[in-house]
Amino acid sequence: MKPITRRLAVVACAALLTACASGPKHAEVQASIPALKATEGRLYIYRSSSMLGAAIQPNVVVNGKVAGESKPGGFFFVDLAPGTVEVSTSTEVEKKLTLTLEAGQTRYVRTTVGFGLMVGRVYPELVDSAVGAKEIAETSYIGKPLAKP
Amino acid sequence: MTRARFVAVGLCAAASLLAGCASEVRREPVELAVAAGEQGRRVANDGDVEAIPESRYARRIASGTEFVVVGRIAQGLVLKPTQTVLTVEGAHMHEAYAVHRDGQLVGFYLPVERAFTPLVKPAPMPLQERKTP
């Protein structure tokens, strides 16, 4: 490999690696995640650690407020009053998900990269709790700092 | 057609496809009423159901999926899945409940939008009773 090609490959690898979530693994923070209040519901928002569109990391907006970022291999959670919820991400277009949330309920929203016209698009999708719980175990925590247990 | 024009037309077609492939899910506002004598009843579909909403993103409901009756709208009985999630997708994605009438899935109820979205064609959906916990 020519030196210039090697350098480009190193830069590309570095860019890909820094694009991934770098927080503690789910298993490491699980005990620090506070118990859900009986009057609220919990939304886990995550993205699998695929390299496809890794550099596209839009904000995730929940009910009009930025709640976190969609990063490959990352997850965070939001506790909300029961009712209707809108989760949205914006790249070249805005993609929305609407769902209901009950008190005491935990739901999972996966963000996925799809192809767009100019750049990739990030879609929020509601997934089965069994699937979400399994997939989130492979991700790292990228939310607000948690108190130690 | 010159080569340049051919390329331009091709690019425009590709751009149109990518930019506008998903349209909004068509919604009819509806009123969810209590399903007298059936509220809370648990049922499961007997056989897989292939549903094609008007937005064309097909949905498959696996055999044995359990639902609870959460009400009735003009188009049929509204069944909320108990262990899984249903969504309808167009330009955006919406949580959805099944709407059942005369042994068929006729569309979806969108609980956030309080609206009904029909299937292109009703799909057979025989139901079996489940024990209420």
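Heads up: the structure comes first, above all this text.
Cut-offs applied
Residues numbered from 1 in each chain as written. Chains lettered and ligands numbered in written order. Predicted model: local features only at pLDDT ≥ 70, side-chain atom pairs only at ≥ 80, totals over all residues. Heavy atoms only, no water. Core = buried A, V, L, I, M, F, W, Y, C linked by side-chain atoms within 4.5 Å. Buried < 20%, exposed > 50% of the residue type's maximum accessible area, 1.4 Å probe, protein only. Helix = DSSP H or I, 4+ residues; strand = E, 2+ residues; numbered from the N terminus. Contact = heavy atoms within 4.5 Å. Buried area = accessible area lost by both parts, 1.4 Å probe. Salt bridge = Lys/Arg side-chain N within 4 Å of Asp/Glu carboxyl O. Polar contact = N/O pair within 3.5 Å; in protein donor to acceptor, adjacent residues only side chain to side chain. Nonpolar A, V, L, I, M, F, W, Y, C, P; charged D, E, K, R; others polar. Pairing = 2+ DSSP bridges. Axes fitted to C-alpha atoms, helices over the stretch in contact; angles between N-to-C directions. Phe/Tyr/Trp six-rings, centres within 6.5 Å; stacked < 30°, edge-to-face > 60°.

A. Structural context of the nonpolar core. Counting 20 residues, the largest nonpolar core has B:Phe67, B:Leu79, B:Ala98, B:Leu105, B:Phe108 and B:Met125 as the members making the most contacts within it. Put simply, the parts of the chain that give this core at least two residues each are β3 (49-51), β5 (66-73), β6 (76-81), β10 (104-110) and β11 (115-124) of chain B. Top element by residues in this core is β10(B). It accounts for three residues. If sequence neighbours within four positions are ignored, B:Leu105 has contacts with B:Val49, B:Ala51, B:Ile61, B:Ala98, B:Val99, B:His100, B:Leu119, B:Pro122, B:Ala123 and B:Met125. Core analysis: the second largest hydrophobic core is formed by 16 residues, A:Ile45, A:Leu80, A:Val87 and B:Val85 among them.

B. Representation of the interface of chain B and chain A. Every contact between the two is made by 16 residues of chain B and, on the other side, 18 residues of chain A. Summed over both sides, the interface between chain B and chain A buries roughly 1500 Å², with carbon and sulfur atoms accounting for 52% of that surface. When the area that chain B buries against chain A is broken down by residue, the three leading residues are B:Val85, B:Met93 and B:Glu95, summing to 35%. Here chain B is connected to chain A by two salt bridges. Salt-bridge contacts for B:Lys80 lead to A:Glu102; the nearest nitrogen and oxygen are separated by 2.5 Å. Between chain B and chain A we count twelve residue pairs in polar contact (both at pLDDT 80 or more) in total. Contributions of two or more residues to the side of chain B that touches chain A are made by α1 (3-20) and β8 (93-95) of chain B. Taken together, the residues of the side of chain B that touches chain A break down into nine nonpolar, four polar and three charged. The pairing of strand β6 (residues 94-101) of chain A with β8(B) spans two bridges and is classified as parallel. Considered in β8(B), the bridge of A:Thr98 is made with B:His94.

C. Structural context of the sheet that holds β10(B). Residue and element names in this part refer to chain B. Here eight strands make up an open sheet; going across it, the order is β1-β11-β10-β9-β6-β5-β2-β12 and the pairing antiparallel. In the strand order of this sheet, the two ends are held by β1 (28-29) and β12 (127-130), each with one partner. Bridge count for β1 against β11 is two bridges, and the pairing is antiparallel. Among the inter-strand pairings, Glu 28 is bridged to a residue of β11, identified as Phe 116.

D. Main features of the sheet that holds β6(A). With mixed pairing, the six strands of this open sheet are ordered in space as β3(A)-β2(A)-β5(A)-β6(A)-β8(B)-β7(B). Strand pairing shows two members of the sheet lacking a second neighbour, β3 (65-69) of chain A together with β7 (87-89) of chain B, which therefore form its edges. For this sheet, the mean inter-axis angle between neighbouring strands, taken without regard to orientation, is 20°. Here strand β5 (residues 83-90) of chain A runs beside β6(A); their pairing, made up of eight bridges, is antiparallel. Within β6(A), the position partnered with A:Gly83 by the bridge is A:Leu101.

E. Summary view of the pairing of β5(B). Residue and element names in this part refer to chain B. Across the eight residues of β5, six count as buried, placing the element largely inside the fold. Relative to β5, strand β2 (residues 42-45) runs antiparallel, the two being bridged by three bridges. When the sheet's bridge partners are listed, Ala 44 is paired in β5 with Glu 66. Between β5 and β6, which pair antiparallel and follow one another directly, the connecting turn spans two residues.

F. Fine view of the packing of aromatic side chains. Residues and elements named next belong to chain A. The final tally for this structure, using the stated rule, is six aromatic pairs over all chains. Note on Tyr 44 and Phe 75: the rings are 6.1 Å apart at their centroids and 45° apart in plane angle, and the pair reads as tilted. With a gap of 31 residues between them, Tyr 44 in strand β1 (residues 41-46) and Phe 75 in strand β4 (residues 74-80) connect regions that are remote in the sequence. Ring geometry for Tyr 44 versus Tyr 108: centroids 5.3 Å apart, planes at 10°, classification stacked. Here Tyr 44, found in strand β1, pairs with Tyr 108, found in strand β7 (residues 106-114); they are 64 residues apart in sequence, far enough to count as distant.

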